[in-house]
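Remarks on the overall topology
Read off the chains here:
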Amino acid sequence: MKIEISHRPAYALAVVTLDADEVVVAEGGAMVSMDSHVSIETRAGKKDQGMLGGLLSGLKRVVAGESFFQNRFTANGEAGSVTFAPTHVGDVMATELDDSTVILQSSAFLFSGPDVTVSTKWGGAKTFFGGEGLIMLRASGTGPLAFNSFGGIKEIDVDGKFTVDTGHIVAFQDSLKFKVSRFGGGWKAFLFGGEGLVCSFTGTGKLWIQTRNPQEFGTTVGPLLPMRQS
Amino acid sequence: MEFSIENAPDYASLHIVLKEGEQVVTERGAMMGMSSDLKLETQLKGGIWGAAKRAMGGESLFLNTYSATADGQRLDLAPSAPGDMRHLRLDQRTVMVQSGSFCACTPEVTVDTKWGGAKTFFGGEGLFMLKCHGVGDLWISSYGAIHEVEVDGTYVVDTSHIVAFEDSLTFNVTSVGGVKSLFFSSEGLVCKFSGKGKLWFQTRSMPSLASFLHPFRRVQSNNN
C-alpha cells in the first residue's frame, strides 16, 4: 500500500495505491474517488465476529461518533487506487503501527490497513458530562493508520506532562496515560472561562492536536441556521 | 483581457483586467469588486426560454454580464466556498461543470443546462450540470482543492465531489450503499465515468459539511 497525501495542509486528500488484491478499511463516507475495479464491501464489524458481534461493534462506533459502517476496499486482480478525504477543512496524516496502539478521537479516523483493529474505548464516564463527546477509538495492530484534523495538525513529543483542550485532541500513542478533568482555575474558569474540559497526559509518547475545534465551530454556526424539528 | 488567480489554493479569487468592449459573464453572486464604470447587464442567455429552462432545472444561478466601457477596467470575482479556482481554455471542447463550481466565462462560451441527464445527476442535491462549449475562457471553483484526473478507461467519483469533466467521457450515476452516511442517503451516489478525458474533483464536499452542522441547529419545541 502506497499512501500519498496531496493538497496539504488545508484541503488534504489521501491517494492510496493498493497492490493487486490488497485491502484498505475506511470510515464510511471518506471515499472520494476510485478505480472502477476496486470493490467496496460494507461491514459493521470484523469478519470473525459473526453477525451479532459485528452489529454490536458497529453500534458502538455509532455511539462513538463514527459511521455505523466501515468500508473495505479491495483492488481486485490488479493494482488500483482509492482517494479519501475528511469532512472538514484540514490535514491528513499517516502513521505506521508496528504491533502498537494509537488512541484516536472518534471523528479523526480516516483509514487503516486490514491488520489494524479499530475498536471503541471509552474515555471514562466523566467525559460524558463535558458535552464535547470525548470518545476515543483504539487502533492497534500492524500497518498504516491515517487520521484527519480540523485545521492543521501539530505533533507534540510529550515527555513528562502536557495538557490539551479535549476538543483539540486528534490522536496519541497509548504509552501516554490520560486523565480528563475540569480546567484548573476553579468553577469560575470552568463556567465562564470557555475552556471546559482538558485532558492531562503523562508519560512519554507522541500526541497530535488539531488547530481548530469542531465542537466550537459547530456551536458557533449552529444557532445561525434555521431551527430543526425535534 | 488579462487575468490572474490570486490567493490560491486556500481562498482563490479571480482578477481580470479588461479592454474597452470586452465582456465577462459571471455567476450572479461572484462579484467582489469592480471598477465603478463597468456596465452590468443581467442577461437572459438563450432568451426567455433558456432562462425558464434554467429556472425549471432548479437553478438559482443567473448570469451577469460585465462590459468594459474603457481600457484597464478591472473586475474581481470570488466564489462562495473556501477553495481553489482553475482556468480552462475551451477550443471547441465541451466541458460539463457542476452548477456550484461555475464562476465565470467569456461571452463566446455557451453555458447551457444539459437537458435530461442534468437533473438526475445529483439526485436532488440541488445541483446539476452546466454544459459549457465554444471557443473561449472558463473559470471554475471548488470547495477544497481541485484534483485533476486523466481518465482512460473507467473511474468512479462521489457525486458531491464532482467539479467538472470533459464530455468525451460518458457517465452513469449509481448508488453505492453505505459509502456515504446512511442518514443522508443522497450522499450515496457515485458517478462512473468511462472513456478518455480529463475530470476535476474537489477534495471537500458541501453535503458532508451540512451533515456535520445539522445536529448543532437549535431544536424547535413542539409544545403548542
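Residues numbered from 1 in each chain as written. Chains lettered and ligands numbered in written order. Predicted model: local features only at pLDDT ≥ 70, side-chain atom pairs only at ≥ 80, totals over all residues.

1. Focus on the overall build of chain B
Helix and strand counts for chain B come out as 3 helices and 17 strands. Across the 224 residues that make up chain B, the buried fraction comes to 38%. Across chain B, every contact between residues at least 6 apart in sequence was considered, and the portion connecting residues at least 24 apart equals 79%. (Helix = DSSP H or I, 4+ residues; strand = E, 2+ residues; numbered from the N terminus. Buried ≥ 20, exposed ≤ 12 C-beta atoms within 10 Å, placed from the backbone. Contact = placed C-beta atoms within 7 Å.)

2. Thoughts on the confidence of the model for chain B
With 79% of its residues at a pLDDT of 70 or more, chain B shows a mean pLDDT of 84. Segment residues 178-187 of chain B is flagged for pLDDT under 50; beyond a separation of four residues in sequence, or across chains, it makes 30 contacts in the model. (pLDDT = per-residue confidence, 0-100.)

3. Side note on the interface of chain B and chain A
Each partner contributes residues to the interface: chain B has 36 residues there, and chain A has 32 residues. Listing elements by their share of the side of chain B that touches chain A, those giving two or more residues are strand S13 (146-158), strand S16 (189-202), helix H3 (206-213) and strand S17 (219-220) of chain B. Counting residues per element, the side of chain B that touches chain A draws most heavily on S13(B), which supplies 6 residues. Along the lines of polarity and charge, the residues of the side of chain B that touches chain A split into 15 nonpolar, 13 polar and 8 charged. (Nonpolar A, V, L, I, M, F, W, Y, C, P; charged D, E, K, R; others polar.)

4. Some thoughts on the nonpolar core
One finds A:Phe84, A:Leu104, A:Leu110, A:Phe147 and B:Val157 to be the most contacted residues of the largest nonpolar core, which totals 98 residues. For this core, the leading source of residues is S16(B), giving 7 residues. (Core = buried A, V, L, I, M, F, W, Y, C linked by C-beta atoms within 7 Å.)

5. Description of the sheet that holds strand S2 (residues 13-18) of chain B
Residues and elements named next belong to chain B. Taken in spatial order, the 4 strands make up an open sheet running S1-S2-S7-S4, and their pairing is antiparallel. The open sheet has two edge strands, strand S1 (2-6) and strand S4 (31-34), and neither has a second partner. Each strand of the sheet is rotated relative to its neighbour by a mean of 15°, with strand direction disregarded. Bridge analysis of S4 against strand S7 (residues 73-77) gives 3 bridges, and the strand direction is antiparallel. Along S7, the bridge assignment pairs Gly33 with Asp76. (Pairing = 2+ DSSP bridges. Axes fitted to C-alpha atoms, helices over the stretch in contact; angles between N-to-C directions.)

6. Focus: the environment of A:Cys199
Its place among the elements puts A:Cys199 in strand S15 (residues 197-210). Those residues in contact with A:Cys199, other than ones at most four positions away along the chain, are A:Val164, A:Thr166, A:Ile169, A:Phe178 and A:Val180.

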